Structures are given as structure tokens and as C-alpha cells.
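If you want the building blocks of each chain, they are given just below.
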Amino acid sequence: MFRIPESVAELGRKRIEGFPVEGFVYGEGPQNPEIMLIGEAPGEFEIVDGIPFIGRAGKELMKSLATIGLTREDVYITSAVRSRPYKWGTKKERDGTVVKRKYNRPPTQKEIIAHAPVLDYELTHVQPKLIVTLGNVGLQRLLGKEAKVTELHGQLITGPIRHLESLDGSTFGWTEKTYSIVPTFHPASIFYRPSHRPALEADWLEIGRLLEGR
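Bear in mind the structure is a predicted one, so any value in this text is a computation, not a measurement.

Q: Got a minute to help me understand the packing of aromatic side chains in this structure?
A: Aromatic rings in a pair are described by how distant their centres are and how their planes are angled relative to each other. A complete count under the given rule lists four aromatic pairs for this structure. Between Phe-24 and Tyr-26, the aromatic rings sit 5.4 Å apart at their centres with planes inclined by 80 degrees, giving edge-to-face as the arrangement. Among the residues examined, Tyr-26 registers a relative accessible area of 10% and is labelled buried. Cluster of aromatic residues (ring-pair linked, three or more members): Phe-2, Tyr-76 and Tyr-121. For the cation-ring pair, Lys-100 lies above Trp-88, with the distance from its terminal atom to the ring centre recorded as 5.1 Å. The lysine or arginine in question, Arg-162, covers the ring of Phe-172, its NZ or CZ lying 4.1 Å from the ring centre.

Structure below.
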């Protein structure tokens, strides 16, 4: 199993101090895996257990992997941001009392930059056969804002990816190395957009075909 060095995790924790985020979840999986999965950021369940993709979206993701004969143990799972971005909101309990609670939210560009060195380290050292981005955050972290999952899902993209040019800066440059990427929808997207399911299923079958061809 591959795990980032503690010094890299510590750098990530330090760089994101002061943002409304909590916890830190390590990427998980083997070195040189079939697939490296890149999501957005951990949610409330992931922060408690320290394991990526274990909530409702995680169950959907495991179903998708199963359709091409893979399990959690075969893939490396990570995300653009490793701490849970949250916002405060209110929730009405059954007895009518209103309580404040934290809700998940997408990470901001500054939070993505804060944790860029962590993902850059993984991309350099994990060396997957194929990278599968889950949703726009992971996709745009690698390919820039112009890349949209609705336009690119299920397609094989081969080329350089973005990496943070320096620890002091906030600009991304392009790697010399080329990577193979297939974008698909975030597994949680089908909860609020069930119409995505057929496309998501077709994307995964395409990912399976690409792996067989390698």
C-alpha cells in the first residue's frame, strides 16, 4: 500500500490552516494501481473514519468499480483537497428544535492550491495506469477551468497535467510527463441528478475496456 510521507501530510495540514475545513484524510491504495481516482474532498463520514469515499457516494463508487471487476483494494483513491470543507447551516430536529450543524461544500480554489503539493506528490509517485477524475473539481485540478465533465466524460485524454509551480506561489504549470485520464461524473451526482446514471454506467464500461486494452 502506498502512503504519502508524514512530512507531505504535515505540509498539507499547515498550508490549509485558517480555512473553514476540518480533519485530514490520506489517499489510500496500492502503488502502480490500475486506476487512481481523484474526487473533490472528504465529507463528514470520511473525516471520522479517515478513509476516503465511505459514505453514500462511496457505496455508489464501489458499485461502479465492481462492474469492471475491481474492488477498493485495486485502486488508489484520493482527492483534490484532503480536509473536509464545511459551511454552517441549521437543521430542524424531529421535535422541532433547530440546531446548528456543518454541511459539506465544494472546496475553493485557494483550498485546492493549499493541498496541491499533496496531490502532486501522489501523482508523481503512485503511477497509475489510468487516472479517473470524479466530477469537475478533480478534472479541473488536472486540466484547468476550461475542462468540463459534461463535455469530456468517458473520453480518454492523454497529455500533461497541472502541478503547482512553487510552494510560495499559486500558479500551476504543466508536467513534462503525460498521463492518461478519463473524466466521469462524481458518484454523488446521481443522487441529485438521476439522469446522469446511464452516462456514468457507460463511462465505467469504457474505463473497463481501456484497461483491458493496456
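That covers the picture; the talk isn't over yet.
Q: Could you clarify how one ought to interpret the pairing of strand E6 (residues 130-134) in this entry?
A: Both faces of the sheet carry side chains from a regular strand, because those side chains alternate between them. Buried residues dominate E6, accounting for five of its five residues. What you see with E6 is no split at all: Leu-130, Val-132 and Leu-134 on one side and Ile-131 and Thr-133 on the other are buried throughout. Bridging between E6 and strand E10 (residues 179-184) involves four bridges; their strand directions are parallel. Along E10, the bridge assignment pairs Val-132 with Val-182.

Q: Please clarify how the pattern of salt bridges should be interpreted in this entry.
A: Side chains that carry opposite charge are capable of pairing whenever their charged atoms lie near each other. Under the defined criterion, the tally for this structure stands at 14 salt bridges. Residue Glu-22 is joined to Arg-84 by a salt bridge in which the shortest nitrogen-to-oxygen separation is 2.8 Å. You can see Glu-22 sitting in strand E1 (residues 21-22) and its partner Arg-84 sitting in strand E4 (residues 84-92), a full 62 residues away along the chain. The buried category is assigned to Arg-84, whose relative accessible area is 4%. Across the pair Lys-63 and Glu-60 runs a salt bridge whose closest N-O atoms are separated by 3.2 Å. With Lys-63 and Glu-60 both in helix H3 (residues 56-67) and three residues apart, the pair spans about one turn of that helix. Through salt bridges with shared partners, a single network forms among Glu-60, Lys-63, Arg-197 and Glu-201.

Q: So what exactly am I meant to see when it comes to the sheet that holds strand E3 (residues 75-79) here?
A: What links the strands of a sheet is backbone hydrogen bonding, and the strands pair in either a parallel or an antiparallel sense. Pairing is mixed across the open sheet formed by five strands, whose spatial order is E3-E2-E6-E10-E7. Two strands close off the open sheet at either side, each with one partner strand: E3 and strand E7 (157-159). Each strand of the sheet is rotated relative to its neighbour by a mean of 25 degrees, with strand direction disregarded.

So, how was this worked out
Residues numbered from 1 in each chain as written. Predicted model: local features only at pLDDT ≥ 70, side-chain atom pairs only at ≥ 80, totals over all residues. Heavy atoms only, no water. Phe/Tyr/Trp six-rings, centres within 6.5 Å; stacked < 30°, edge-to-face > 60°. Buried < 20%, exposed > 50% of the residue type's maximum accessible area, 1.4 Å probe, protein only. Lys NZ or Arg CZ within 6 Å of the ring centre and 35° of its normal. Helix = DSSP H or I, 4+ residues; strand = E, 2+ residues; numbered from the N terminus. Pairing = 2+ DSSP bridges. Salt bridge = Lys/Arg side-chain N within 4 Å of Asp/Glu carboxyl O. Axes fitted to C-alpha atoms, helices over the stretch in contact; angles between N-to-C directions.

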